Amino acid sequence: MKLSENFTLDELTKSQEATRLGIENIPNEEQIQNLKILCEKILQPLRDYYGMPLSISSGYRSVALCETIGSSAKSQHTKGQAADFEIFGVANKDIADFIVKNFEYDQCILEFWNENEPNSGWVHCSYSKESNRKQYLKAQKVSGKIVYSPMV
């Protein structure tokens, strides 16, 4: 099923971990609609702007999958509202900065990004049809815990 010109449902639900562990990772209609909106508002415009494919590492994740991998059952991934991705050859901060300056979004997070390594980590971006907080954050591991702080 196509979600937009360049993105498919399979691409945004594929999970090696779910396959390996036998965890069902199938979104319902509402979650599929949220994935379509995420593609329309964030992913497809990025693909169009850069003219390069996005490598999606995580899109929709079931509650069971989130809990298994140590994420929250309340993650926007469980609603189909978030994706983690990179564009190979483009610095992750450049992608995040472009999103923040040009799109309506809920959260844009540079996950495990290191300013001395432009391609480190990945970009997490979410979109909510209800309301968007426009939070620009970075996530880092500090003393074994993930800490979120504002990007400046």
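Here, the structure is the one placed above.
Note that this is a predicted model, so its numbers are computed, not measured.

Engineer: Looking at this structure, how should I read the pattern of salt bridges?
Structural biologist: Side chains that carry opposite charge are capable of pairing whenever their charged atoms lie near each other. Evaluation of the coordinates by the stated rule reveals five salt bridges. Residue arginine 133 is joined to aspartate 106 by a salt bridge in which the shortest nitrogen-to-oxygen separation is 2.7 Å. Linking arginine 133 in the loop between β4 (122-126) and β5 (135-142) with aspartate 106 in the loop between α5 (92-102) and β3 (107-111), this pair joins segments that are 27 residues apart in sequence. The exposure class of arginine 133 is partly exposed, given its relative accessible area of 47%.

Engineer: Would you explain the layout of surface pockets in this entry?
Structural biologist: Rolled over the atoms, a probe sized like a water molecule indicates the empty space that remains. What the largest pocket holds in volume is close to 820 Å³. As for the largest pocket, its lining consists of 32 residues, of which Arg61, Ile69, Ser71, His77 and Asp84 are closest to the centre. A total of three residues in the lining of the largest pocket trace back to one element, the largest contributor, which is β3.

Engineer: Help me understand the pairing of strand β6 (residues 145-150), please; the structure alone is not making it clear to me.
Structural biologist: Pairing analysis gives six bridges linking β5 to β6, with the strands arranged antiparallel. Considered in β6, the bridge of lysine 138 is made with serine 149. Linking β5 back to β6 in an antiparallel pair, the connection comprises two residues, with serine 143 at a positive phi of about 50°.

Engineer: What exactly am I supposed to notice about the packing of helix α3 (residues 29-50) against α5 here?
Structural biologist: The description of two helices packed together rests on the angle between their axes and the distance between the axes. In contact at an axis separation of 12 Å, α3 and α5 are set at 115° when each is read in the N-to-C sense. For the element pair α3 and α5, the recorded crossing hand is right-handed. Judged by residue contacts, Leu46, Tyr49 and Tyr50 of α3 engage Asp94, Ile95, Phe98 and Ile99 from α5. Across the contact of α3 with α5, the residue classes tally to six nonpolar, no polar and one charged.

Engineer: Help me understand the environment of valine 63, please; the structure alone is not making it clear to me.
Structural biologist: Positionally, valine 63 belongs in helix α4 (residues 63-68). Between the C-alpha atom of valine 63 and that of serine 75, which follows or precedes it by twelve residues, the distance is 8.4 Å. If sequence neighbours within four positions are ignored, valine 63 has contacts with Ala73 and Thr78.

Engineer: What am I meant to see in the sheet that holds β6 here?
Structural biologist: The pairing of strands in a sheet happens through backbone hydrogen bonds and is either parallel or antiparallel. Read from one edge of the open sheet, six strands run β1-β2-β4-β3-β5-β6, paired in mixed fashion. Every interior strand has two partners, whereas the edge strands, β1 (55-58) and β6, have only one. For this sheet the average axis-to-axis angle between neighbouring strands, irrespective of direction, equals 30°. In this structure, strand β2 (residues 82-86) lies alongside β4, joined through four bridges in antiparallel fashion. Each bridged residue has a counterpart across the sheet, and for alanine 83 the counterpart in β4 is cysteine 125. With respect to the sheet, α3 is in contact with β1, β2 and β4, its orientation differing from that of β2 by roughly 5°.

About the cut-offs
- Residues numbered from 1 in each chain as written.
- Predicted model: local features only at pLDDT ≥ 70, side-chain atom pairs only at ≥ 80, totals over all residues.
- Heavy atoms only, no water.
- Salt bridge = Lys/Arg side-chain N within 4 Å of Asp/Glu carboxyl O.
- Helix = DSSP H or I, 4+ residues; strand = E, 2+ residues; numbered from the N terminus.
- Buried < 20%, exposed > 50% of the residue type's maximum accessible area, 1.4 Å probe, protein only.
- 1 Å grid on protein atoms, 1.4 Å probe; cavity = no way out; pocket = protein on both sides within 12 Å on 5 of 7 lines; lining within 4 Å.
- Points joined across faces, edges and corners; volume = space filled by probe spheres on them.
- Pairing = 2+ DSSP bridges.
- Axes fitted to C-alpha atoms, helices over the stretch in contact; angles between N-to-C directions.
- Left-handed = near helix turned anticlockwise from the far one by under 90°.
- Contact = heavy atoms within 4.5 Å.
- Nonpolar A, V, L, I, M, F, W, Y, C, P; charged D, E, K, R; others polar.

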